[in-house]
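# Tertiary structure, described
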Amino acid sequence: QVQVVESGGGLVQPGGSLRLSCAASGYILSMYAMGWYRQAPGKQRELVATLTSGGNTNYADSVRDRFTISRDNAKNTLYLQMNSLKPEDTAVYYCTAGGFLADGRRFDSWGRGTQVTVSS
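Residues numbered from 1 in each chain as written. Predicted model: local features only at pLDDT ≥ 70, side-chain atom pairs only at ≥ 80, totals over all residues. Heavy atoms only, no water.

### Things to note about the pattern of salt bridges
Tallying each qualifying case throughout the model produces six salt bridges. Across the pair aspartate 108 and arginine 106 runs a salt bridge whose closest N-O atoms are separated by 3.1 Å. On the basis of relative accessible area, aspartate 108 is assigned to the partly exposed category, the value being 47%. Take arginine 106: its relative accessible area is 58%, and that puts it in the exposed class. Residues participating in the shared-partner salt-bridge network are Arg38, Glu46, Arg66 and Asp89. (Salt bridge = Lys/Arg side-chain N within 4 Å of Asp/Glu carboxyl O. Buried < 20%, exposed > 50% of the residue type's maximum accessible area, 1.4 Å probe, protein only.)

### Side note on the side chain of aspartate 89
Summarising the element assignment, aspartate 89 is placed in the loop between strand S8 (77-82) and strand S9 (91-101). Residue aspartate 89 is classed as buried on the basis of its relative accessible area, which comes to 1%. One polar contact links aspartate 89 to arginine 38, side chain to side chain, over a distance of 2.9 Å. Within the structure, the side chain of aspartate 89 is placed 2.8 Å from the backbone nitrogen of lysine 86, a separation counted as a polar contact. Leave out the neighbours within four places in its chain, and aspartate 89 touches Arg38, Arg66, Phe67, Ser84, Val116 and Val118. (Helix = DSSP H or I, 4+ residues; strand = E, 2+ residues; numbered from the N terminus. Polar contact = N/O pair within 3.5 Å; in protein donor to acceptor, adjacent residues only side chain to side chain. Contact = heavy atoms within 4.5 Å.)

### Details of the pairing of S9
Counted residue by residue, S9 has nine buried out of eleven residues, so it is predominantly covered. Pairing between strand S4 (residues 28-39) and S9: ten bridges, direction antiparallel. Across the sheet, the residue bridging to serine 30 is phenylalanine 100, located in S9. In the sheet, S9 pairs with strand S10 (residues 106-110) via five bridges, with the strands oriented antiparallel. Across the sheet, the residue bridging to glycine 98 is aspartate 108, located in S10. (Pairing = 2+ DSSP bridges.)

### Considerations on the packing of aromatic side chains
The geometry of an aromatic ring pair is captured by the separation of the ring centres together with the interplanar angle, meaning the angle of the planes. Taken as a whole, this structure holds two aromatic pairs when the rule is applied. Residues tyrosine 32 and phenylalanine 100 carry aromatic rings whose centres are separated by 5.8 Å and whose planes lie at 65° to one another, so their mutual orientation is edge-to-face. Pair noted here: tyrosine 32 is in strand S4 and phenylalanine 100 is in strand S9, with a separation of 68 residues, a long-range link. Residue classification places tyrosine 32 among the partly exposed positions, given a relative accessible area of 27%. Classification of phenylalanine 100 by relative accessible area gives partly exposed; the value is 35%. The side chain of arginine 45 reaches across the aromatic face of tyrosine 94, ending 3.7 Å from its centre. A cation sits over an aromatic face here: arginine 45 above tryptophan 110, 4.9 Å from the ring centre. (Phe/Tyr/Trp six-rings, centres within 6.5 Å; stacked < 30°, edge-to-face > 60°. Lys NZ or Arg CZ within 6 Å of the ring centre and 35° of its normal.)

### Focus on the pairing of S10
Alternating residues of S10 divide into Phe107 and Ser109, all buried, and Arg106, Asp108 and Trp110, none buried. A loop of four residues connects S9 with S10, the two strands running antiparallel in sequence, and glycine 104 in this loop sits at a positive phi of about 95°.

Quick look at the structure:
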């Protein structure tokens, strides 16, 4: 199985920045996509940003031009640089990774999430 672990969340003031990290580990042969989702209290989980193995990115309109998704392929680690944070960015942020294991099986794994709170 593949484990996905997020880190880097915390409390930040409006206008501040945070960098989230997500490490995927296991017998991974290849990764076709990784991404970030978030879920605020009382709301459904929503897409924040995704990044394919080919380098294609997709951002939610609400974070475009403020957040940047990137990846270290050698380390199977995904990052989310969040700038100009707003109170409405407060949520639990989840990382997801999809790909193929060394035995050829496909996997789609989720982390347990990291809390981001934007408040003065």
